[in-house]
Every structure is written in C-alpha cells, then in structure tokens.
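Coordinate inspection notes
Listed below are the residues making up each chain.
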Amino acid sequence: TCVNTTYCLTCIQNTTFMAADNSCVAACPSGYYGNTSTLACEKCSSKCLTCQSTSTNCVSCPTGYYFIQISYSLSDCQLSCPDGYYPESNYCYECSFPCKTCSTSSNCITCIEGTYYHAISSSCLLNCPTSTFYNHTNSTCQSCQYPCSSCDNNSTYCLSCSQSNNGTLLYLYNGQCVQICPTYYYSDSSGICNKCFGLCLTCSSKYYCNSCIAGYVYNGFCYSSCPLGTFANTTANICQNCSVPCS
C-alpha cells in the first residue's frame, strides 16, 4: 500500500519497509537491520557500524571500537576488550585458559582463582615450579634467590641448595645455604645439616661424635671418664688406648 508512487505504507513480499524515506527495499542499507517482527529496516545501535537480527548484534564496528564474538550467533562492539580477551587489529580474541587477562592468547597477565601467575613463562599454573615460591600477597610464583634451588614463603628461605659459584656443595641449615654445617650439626648425603645426637659437639653422622660438649670422645661416643684400657688426653679431649701390657 502507498500514499503516492514513492511513499510506501506497507511492502510486498521479500522487501522490507525503510521508514527513513518510506520506501520498500530488497535489502536494508548499511547501518540498518531487517526486523523480522515489524518487517521494517531499523537503525543499528551507535556502537555498531553494521548489525543483524537486533540493533546491538554487531557485524562490524566503527573506528575506535573492538569487535568481539561473544557466542556463535552473538557479537558486540566495545571500546575496550573485557577480561578474558585481548585486543589485536580492532578485534578482541579470547585468552587461553586459565588466563583471566592476557596480552596474547597464551601470554597471561592475571590468572583465574586457584591458579598462580608465573612471570618467567607468562602462564597460569596449578602449582609453582621448582626454584619459585608462591607469593600470597599477589598470587604469583616468584623466583627463589641464589643459592636457593627451591624456597618457601619468600625468596631467601631455602628448602634446598644449589652449588656455590666455585662448584663446592652447599648444605641446608635453618632455611639458609652454608658451606660448612655449624657446631652440633653434620652434613648428610642429601645436602642437609642435621643435629648431632646427645653430647656430640661435632659429628660425622648422627650417632658418631668427633668431639664432645663435655668429657672425652672415644670410638664415636662421649665419656665423662675414659673406659678401661684407655686414658684421657686432656689436650685433645680424647680417650687413647693404653700401651700393651697396660690394662
């Protein structure tokens, strides 16, 4: 139906009413979409350069906006990419799981809850790798400081030790790495300083004393007085065997 030859009121089948100039068109012009309910061309949202199905379901974006595919049938134009997406060539692309925000698909900036950010690899991990520790303040995996080869709670509280710069072994003692275990401790094969037993001042294993806190050492044990067949060397604080035939 029409008012005159160019002023349409309704349109024939397979054409759509264009209210802007009261015409019937085979396809809505750029910036409009065909509303299947009203059978009219309606203007796209200002954030869409072109759209389809609804005014906000964008097909392309104006300058200054990023195109984002939200689902198979739904897309949008936004001034910036939301969490979970990163911008590239006016498009928002989805970050790889488990990134919360990212600079590229696999370069995470922040992580979803339950994972930890590892700056060296720009990734989100379920557990911090060896030579790093979990920083509870910012939920990141941070590197241990030398000479720690692994650490906990902070970068200088060691759980295990690297070799020293000159190649000598270092031993773990109370969260620190030392070249020689202190008095009352011995170094075991796993690189840890362990406490000597009993009256040992120094020892080569837990139960084998090399010197004593008090008394004298004999065959790895500490005595307050030397056993039969030995005598006390008060200079060296050791029990020495008597010469034959002394008993």
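Structure's up top.
Residues numbered from 1 in each chain as written. Predicted model: local features only at pLDDT ≥ 70, side-chain atom pairs only at ≥ 80, totals over all residues. Heavy atoms only, no water.

Brief notes about the overall build of the chain
Going by this rule: Each helix is a run of DSSP H or I of at least 4 residues and each strand a run of E of at least 2, with the numbering of both proceeding from the N terminus. Note on method: radius of gyration uses C-alpha positions; expected globular size equals 2.2 Å times residues raised to 0.38. Accessibility here uses a 1.4 Å probe with only protein chains present; expressed as a share of the type maximum, an area under 20% marks a residue as buried, one over 50% as exposed, and anything in between as partly exposed. Throughout, the Shrake-Rupley method with a 1.4 Å probe supplies accessible areas, and for residues the shown protein chains are the sole cover considered. Note that His is not counted, nor are the chain ends; the positive residues are Lys and Arg, and the negative ones are Asp and Glu. Just so you know, the charge point we use is NZ for Lys, CZ for Arg, CG for Asp and CD for Glu.
The helix and strand inventory of the chain stands at zero helices and 28 strands. Its C-alpha radius of gyration of 40 Å places the chain more than 25% over the 18 Å reference for a compact globule of 247 residues. The proportion of buried residues among the 247 residues of the chain is 32%. On the chain, roughly 15,400 Å² of surface is accessible, and the fraction owed to carbon and sulfur atoms is 53%. Here the chain carries 5 positive and 9 negative side-chain charges, and the mean point of each set is 14 Å from the other.

Topic: the sheet that holds strand β14 (residues 123-125)
For sheets, the rule is that strands pair by backbone hydrogen bonds, running either parallel or antiparallel. This is how the line gets drawn: At least two bridges found by DSSP between two strands is the condition for calling them paired. Every axis corresponds to a line fitted to the C-alpha atoms, with the helix fit spanning only the stretch in contact, and the corresponding angles, defined between N-to-C directions, vary from 0 to 180 degrees.
The four strands are arranged β14-β13-β16-β15 in an open sheet whose pairing can be described as mixed. With partners counted over all chains shown, the strands left at the sheet margins are β14 and β15 (132-135), one partner each. Geometrically, the sheet is characterised by an average inter-axis angle of 40° between neighbouring strands, direction not taken into account. In this structure, strand β13 (residues 116-118) lies alongside β14, joined through three bridges in antiparallel fashion. Within β14, the residue paired with His118 across the bridge is Ser123.

Remarks on the side chain of Ser123
Note the cut-off: Side-chain atoms alone can form a polar contact between residues adjacent in sequence; in general such a contact is a pair of N or O atoms within 3.5 Å, and within protein one must be able to donate a hydrogen while the other accepts it. Here a residue-residue contact requires only that any non-hydrogen atoms of the pair lie within 4.5 Å.
Following the sequence through the fold, Ser123 ends up in strand β14. A polar atom in the side chain of Ser123 sits 2.5 Å from the side chain of Ser121. Beyond its immediate stretch of four places on either side in the chain, Ser123 contacts Cys108, Cys111, Tyr116, Tyr117 and His118.

So, a nonpolar patch on the surface
Condition: A patch consists of residues exposed above 30% relative accessible area that lack any salt bridge, with like charges linked at up to 9 Å and nonpolar side chains (Val, Leu, Ile, Met, Phe, Trp, Tyr) linked at up to 5 Å. The working definition used for a salt bridge is a side-chain nitrogen of Lys or Arg within 4 Å of a carboxyl oxygen of Asp or Glu.
Together, Val3, Tyr7 and Leu9 give the surface a local cluster of nonpolar side chains, amounting to about 290 Å² of exposed area. Relative to the assigned elements, Val3 resides in the segment before β1 (16-18).

Remarks on the state of the cysteines
Formally: Note on disulfides: each one is a pair of cysteine sulfur atoms within 2.5 Å.
Counted under the stated rule, the structure contains 17 disulfides. Cys44 shares a disulfide with Cys51; S-S distance 1.9 Å. Judged by the torsion about the S-S bond (-90°), the Cys44/Cys51 disulfide is left-handed. Here the two residues Cys44 and Cys51 agree in accessibility, since each one is buried.

Structural notes on the nonpolar core
Rule in force here: To define a nonpolar core, start from buried Ala, Val, Leu, Ile, Met, Phe, Trp, Tyr and Cys residues and group those joined through side-chain atoms within 4.5 Å.
Ranked by size, the top nonpolar core spans nine residues in total: Phe133, Cys144, Cys148, Cys151, Cys158, Cys161, Leu170, Leu172 and Cys177. When residues of this core are traced back to their parent elements, those giving at least two are β17 (148-151) and β18 (158-161). Those residues in contact with Cys144 that sit more than four places away from it in its chain are Ser131, Thr132, Phe133, Ser150, Cys151 and Ser155.

Some words on the pattern of salt bridges
Following the criterion strictly, the structure yields one salt bridge and no others. As a salt-bridge pair, Asp76 and Lys47 come within 2.8 Å of each other at their nearest N and O atoms. One end of the pair, Asp76, is in strand β8 (residues 75-78); the other, Lys47, is in the loop between β4 (40-43) and β5 (50-51), and 29 residues separate them in sequence. Given a relative accessible area of 10%, Asp76 falls into the buried group. Taking relative accessible area as the criterion, Lys47 reaches 23% and is therefore assigned partly exposed.

As for the packing of aromatic side chains
We apply this condition: Put simply, two rings from Phe, Tyr or Trp (the six-membered ring, in Trp's case) pair if the centres are within 6.5 Å, and we call them stacked under 30 degrees between planes, edge-to-face over 60, tilted for the rest. Here, a charge over a ring is recorded when the distance from Lys NZ or Arg CZ to the ring centre is within 6 Å and its angle to the ring normal is within 35 degrees.
Within the structure shown, the criterion is met by seven aromatic pairs. Taken together, a centroid distance of 4.9 Å and an interplanar angle of 75° make the contact between Tyr173 and Tyr185 edge-to-face. In this pair, Tyr173 is assigned in strand β19 (residues 171-173) and Tyr185 in strand β21 (residues 185-187), connecting sequence segments twelve residues apart. Here the aromatic residues Phe67, Tyr86, Tyr91 and Tyr93 are joined through ring pairs into a cluster of three or more. One Lys or Arg, Lys195, reaches over the ring of Tyr185 and ends 5.8 Å from the middle of that ring.

Considering unusual backbone geometry
In the segment running from Phe97 into Pro98, the intervening peptide bond is cis, with an omega of 5°. Of note, the bond from Tyr146 into Pro147 is cis; its omega dihedral lies within 30 degrees of zero at 10°. Examined against the element boundaries, Pro147 turns out to sit in the loop between β16 (140-143) and β17. One non-glycine residue, Asn90, lies in the positive phi region at around 65°. Residue position: Asn90 is located in the loop between β9 (85-88) and β10 (91-94). Its identity as a non-glycine residue notwithstanding, Asn237 has a phi of 55°, on the positive side. By the element assignment, Asn237 lies in the loop between β27 (230-233) and β28 (238-241).

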